[in-house]
Amino acid sequence: MSQADLTVSQHTTTDGVHVLDLAGEIDHTTADTFRRALSADDGSLPYTVLDFHAVTFMDCSGINVLIAANNAARAHGGWLRLAQTPSRVLYILHVVGLDDVSPLYATVDDALAPEAAA
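Residues numbered from 1 in each chain as written. Predicted model: local features only at pLDDT ≥ 70, side-chain atom pairs only at ≥ 80, totals over all residues. Heavy atoms only, no water.

**Quick word on the overall build of the protein chain**
- Helices and strands together make up the secondary structure of the protein chain, namely four helices and five strands.
- Sequence-ordered secondary structure for the protein chain, helices as α and strands as β, is β-β-α-β-α-β-α-β-α.
- Residues classed as buried in the protein chain amount to 42% of the 118 residues present.
- By sequence separation, contacts in the protein chain at least 24 residues apart represent 67% of the contacts at least 6 residues apart.
- Summed over its atoms, the accessible surface of the protein chain is roughly 6100 Å², and 53% of this surface lies on carbon and sulfur atoms. (Helix = DSSP H or I, 4+ residues; strand = E, 2+ residues; numbered from the N terminus. Buried < 20%, exposed > 50% of the residue type's maximum accessible area, 1.4 Å probe, protein only. Contact = heavy atoms within 4.5 Å. Areas by Shrake-Rupley, 256 points an atom, 1.4 Å probe, with all protein chains shown as cover.)

**Some details on the environment of Tyr47**
- As for its position among the elements, Tyr47 is in strand E3 (residues 47-58).
- Along the chain, Tyr47 and Asp15 lie 32 residues apart, while their C-alpha atoms are 9.4 Å from each other.
- Apart from residues lying up to four places away in sequence, Tyr47 is in contact with Gly16, Val17, His18, Gly77, Gly78 and Trp79.
- At 3.4 Å, the side chain of Tyr47 forms a polar contact with the backbone oxygen of Gly77. (Polar contact = N/O pair within 3.5 Å; in protein donor to acceptor, adjacent residues only side chain to side chain.)

**Here we look at the nonpolar core**
- Leu22, Phe34, Leu50, Phe52, Met58 and Leu66 are the most contacted members of the largest nonpolar core, which has 22 residues in total.
- Formed by seven residues, the second largest nonpolar core is a distinct cluster that contains Val17, Val19, Val49 and Tyr105. (Core = buried A, V, L, I, M, F, W, Y, C linked by side-chain atoms within 4.5 Å.)

**Focus: unusual backbone geometry**
- Positive phi is not limited to glycine here, since Gln84 has a value of about 50°.
- Tracing the sequence through the fold places Gln84 in the loop between strand E4 (79-83) and helix H3 (87-96).
- In this structure Gln84 comes out as partly exposed when scored by relative accessible area, which is 30%.

**Quick look at the sheet that holds strand E1 (residues 6-12)**
- Pairing in this open sheet of five strands is mixed, and the strands run E1-E2-E3-E4-E5 from one edge to the other. Each edge of the open sheet carries a strand with a single partner, namely E1 and strand E5 (104-105).
- In the sheet, strand E2 (residues 18-26) pairs with E3 via eight bridges, with the strands oriented parallel. Bridge pairing links Leu20 to Leu50 in E3.
- Helix H2 (residues 60-75) contacts E2, E3 and E4 of the sheet and is inclined by roughly 140° relative to E4.
- Across the sheet, H3 is in contact with E3, E4 and E5; its angle to E3 comes to roughly 110°. (Pairing = 2+ DSSP bridges. Axes fitted to C-alpha atoms, helices over the stretch in contact; angles between N-to-C directions.)

If you want it as structure tokens, here you go:
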């Protein structure tokens, strides 16, 4: 495996929400790519939606990145939301309890909806 196994497309909405579209595997060889995508120049991306629809695998390296990103977002008064999480990734999120920490949404649009903040 190499870092080419994870691709990240990203954009920021007009409301300032950072949206990452992830594809491939998130493991020890791609965790740095994932971590960098979740980092801003000042170390924060307070409002972030992660689109997991094309993630085929995630191990504890990805979980560690998610926990750190969630903590950083909350420290800056923001949030981290997960969208379109496939069952193979949802399973590991459930096992470690992260599904109770970061909200899960069926679609990116659902995660971006203002009422999702309630």
